[in-house]
Amino acid sequence: MTTYNDTQTFPAEGVFLSTAAAALVVIDAGAGEVAVAADRGDGTFVDIPESPFTADSVFHLEIASGRWRFTPTGGAEYSFETRLA
């Protein structure tokens, strides 16, 4: 599983298919935090509930038809993994 320590948007362009399975998100907050936001469809991002995450967390994120931005600060890291098959 790839670990990120910088801002990433998934997918980089467009949105996930409406049939996309949930993604696995792993937050390693350390002394920092990770904000997770959804694109409203016009390039404006809105934080999801409980974001930013300031504690270590593992959860599934329903990604179908969406585009997601992850922004870590303070040395936090995260992983975002989608099912390929």
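Residues numbered from 1 in each chain as written. Predicted model: local features only at pLDDT ≥ 70, side-chain atom pairs only at ≥ 80, totals over all residues. Heavy atoms only, no water.

Undergrad: Teacher, can you tell me more about the side chain of serine 51 here?
TA: When you line up the elements, serine 51 lands in the loop between β5 (45-47) and β6 (57-61). From its side chain, serine 51 meets the backbone nitrogen of valine 36 in a polar contact 2.8 Å long. In contact with serine 51, not counting residues within four places along its chain, are Val34, Ala35 and Val36. (Helix = DSSP H or I, 4+ residues; strand = E, 2+ residues; numbered from the N terminus. Polar contact = N/O pair within 3.5 Å; in protein donor to acceptor, adjacent residues only side chain to side chain. Contact = heavy atoms within 4.5 Å.)

Undergrad: Would you mind going over the pattern of salt bridges with me for this structure?
TA: Side-chain pairing between opposite charges can occur once the charged atoms of the two side chains come close. Overall, the coordinates contain one salt bridge when judged by the stated rule. Residue aspartate 39 is joined to arginine 67 by a salt bridge in which the shortest nitrogen-to-oxygen separation is 3.3 Å. You can see aspartate 39 sitting in strand β4 (residues 33-39) and its partner arginine 67 sitting in the loop between β6 and β7 (68-73), a full 28 residues away along the chain. For aspartate 39, a relative accessible area of 17% gives the class buried. (Salt bridge = Lys/Arg side-chain N within 4 Å of Asp/Glu carboxyl O. Buried < 20%, exposed > 50% of the residue type's maximum accessible area, 1.4 Å probe, protein only.)

Undergrad: What am I meant to see in the environment of serine 18 here?
TA: Considering the arrangement of structural elements, one finds serine 18 in the loop between β2 (8-10) and β3 (23-28). Judged by relative accessible area, which is 59%, serine 18 ranks as exposed.

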